[in-house]
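Commentary on secondary and tertiary structure
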Amino acid sequence: SAVISQKPSRDICQRGTSLTIQCQVDSQVTMMFWYRQQPGQSLTLIATANQGSEATYESGFVIDKFPISRPNLTFSTLTVSNMSPEDSSIYLCSVEVRRGRGEQFFGPGTRLTVL
Amino acid sequence: KQEVTQIPAALSVPEGENLVLNCSFTDSAIYNLQWFRQDPGKGLTSLLLIQSSQREQTSGRLNASLDKSSGRSTLYIAASQPGDSATYLCATSGTYKYIFGTGTRLKVLA
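Residues numbered from 1 in each chain as written. Chains lettered and ligands numbered in written order. Predicted model: local features only at pLDDT ≥ 70, side-chain atom pairs only at ≥ 80, totals over all residues. Heavy atoms only, no water.

Focus: the packing of aromatic side chains
For the structure on display, the rule yields eight aromatic pairs over all chains. Ring centres of Phe61(A) and Phe66(A) lie 5.6 Å apart, and the angle between their planes is 65 degrees; on these two criteria the pair is classed as edge-to-face. Neither Phe61(A) nor Phe66(A) differs from the other in exposure class; each is buried. Measuring from ring centre to ring centre gives 5.4 Å for Phe106(A) and Phe36(B), while their planes differ by 90 degrees; the resulting arrangement is edge-to-face. Here Phe106(A) is found in strand E10 (residues 104-106), whereas its partner Phe36(B) is found in strand E4 (residues 32-38) on a different chain. (Phe/Tyr/Trp six-rings, centres within 6.5 Å; stacked < 30°, edge-to-face > 60°. Buried < 20%, exposed > 50% of the residue type's maximum accessible area, 1.4 Å probe, protein only. Helix = DSSP H or I, 4+ residues; strand = E, 2+ residues; numbered from the N terminus.)

Now the structure itself:
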């Protein structure tokens, strides 16, 4: 398994501002992912954070809105840009510890409220 | 495109009951299936991972089965406790992507 931390745990932001969420893992991992969970909904994959290259975004998500950094094998950030109330969600990072096994472990999440 | 559905959406049972949560998926070409637990406002806790070549996995009072050919998985919880109250999510894995089900919100009454 892996121990994953996220900062901040929650935030309340104003419309039009941006928030950067940090994800730190206690061991080196190949695969890191960012998910969004809108109120009352299940999880939707935003992107795969690739170390040393641009993130791979899923349909409906774009880099200008959700820029992602992955400077090394233990850390990633997700920025939610130009926020609107529709961005109010829980944002979660996850990692795959053993490549190929496909088992994912999740951070505690960041609860974002946009006013 | 993979679709994952969980039935029922919500379930309320008295303490001590054995219960079954269901997960259905449309594309049987999966690498594995994972069951998670999510407490309100929290992240996900991994419960069980079933590889595509396996039929079931057990951990304590939990038992998960997988039938790829019929596109179904079940999570069996024995002797339920109030502490089991949470939302249970299943997710299928295929080519680095996880597709999550809609979740079953479980409440175990003391």
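From this point, the narrative continues.
Concerning the sheet that holds strand E3 (residues 19-25) of chain B
Residues and elements named next belong to chain B. The sheet built from five strands is open, its strands ordered E1-E3-E8-E7-E6 with antiparallel pairing. If you trace the sheet from one side to the other, it starts and ends with strand E1 (4-7) and strand E6 (56-59), each paired once. Across the sheet, the mean angle from the axis of one strand to that of its neighbour is 15 degrees, orientation sign disregarded. Summarising the sheet, E1 and E3 pair through four bridges and their orientation is antiparallel. The residue of E3 that forms the bridge with Val4 is Phe25. (Pairing = 2+ DSSP bridges. Axes fitted to C-alpha atoms, helices over the stretch in contact; angles between N-to-C directions.)

Digging into the sheet that holds strand E1 (residues 4-7) of chain A
Residue and element names in this part refer to chain A. Read across the sheet, four strands follow the order E1-E3-E8-E7 without closing on themselves; strand pairing throughout is antiparallel. Strands at the two margins of the open sheet, each flanked by one partner only, are E1 and strand E7 (68-72). This sheet shows a mean twist of 15 degrees between the axes of neighbouring strands, independent of strand direction. Relative to strand E8 (residues 75-80), strand E3 (residues 19-25) is paired through six bridges, and the arrangement is antiparallel. Looking across to E8, one finds that Ile21 is bridged to Leu78.

Let's talk about the pattern of salt bridges
Side chains bearing opposite charge may pair, as long as their charged atoms lie close to each other. Summed over the entire model, instances satisfying the criterion amount to four salt bridges over all chains. The residue Lys97(B) makes a salt bridge to Glu58(A) at a minimum N-O spacing of 2.9 Å. Taken together, the residues Lys97(B) in strand E10 (residues 97-100) and Glu58(A) in the loop between strand E6 (56-57) and E7 connect one chain to another. Between Lys65(A) and Asp87(A) there is a salt bridge, with its nearest N and O atoms 2.7 Å apart. Taken as a pair, Lys65(A) in the loop between E6 and E7 and Asp87(A) in the loop between E8 and strand E9 (89-96) lie far apart in primary sequence, 22 residues in all. Given a relative accessible area of 5%, Asp87(A) falls into the buried group. (Salt bridge = Lys/Arg side-chain N within 4 Å of Asp/Glu carboxyl O.)

Take it as geometry only, folks, not as evidence of what the structure does.
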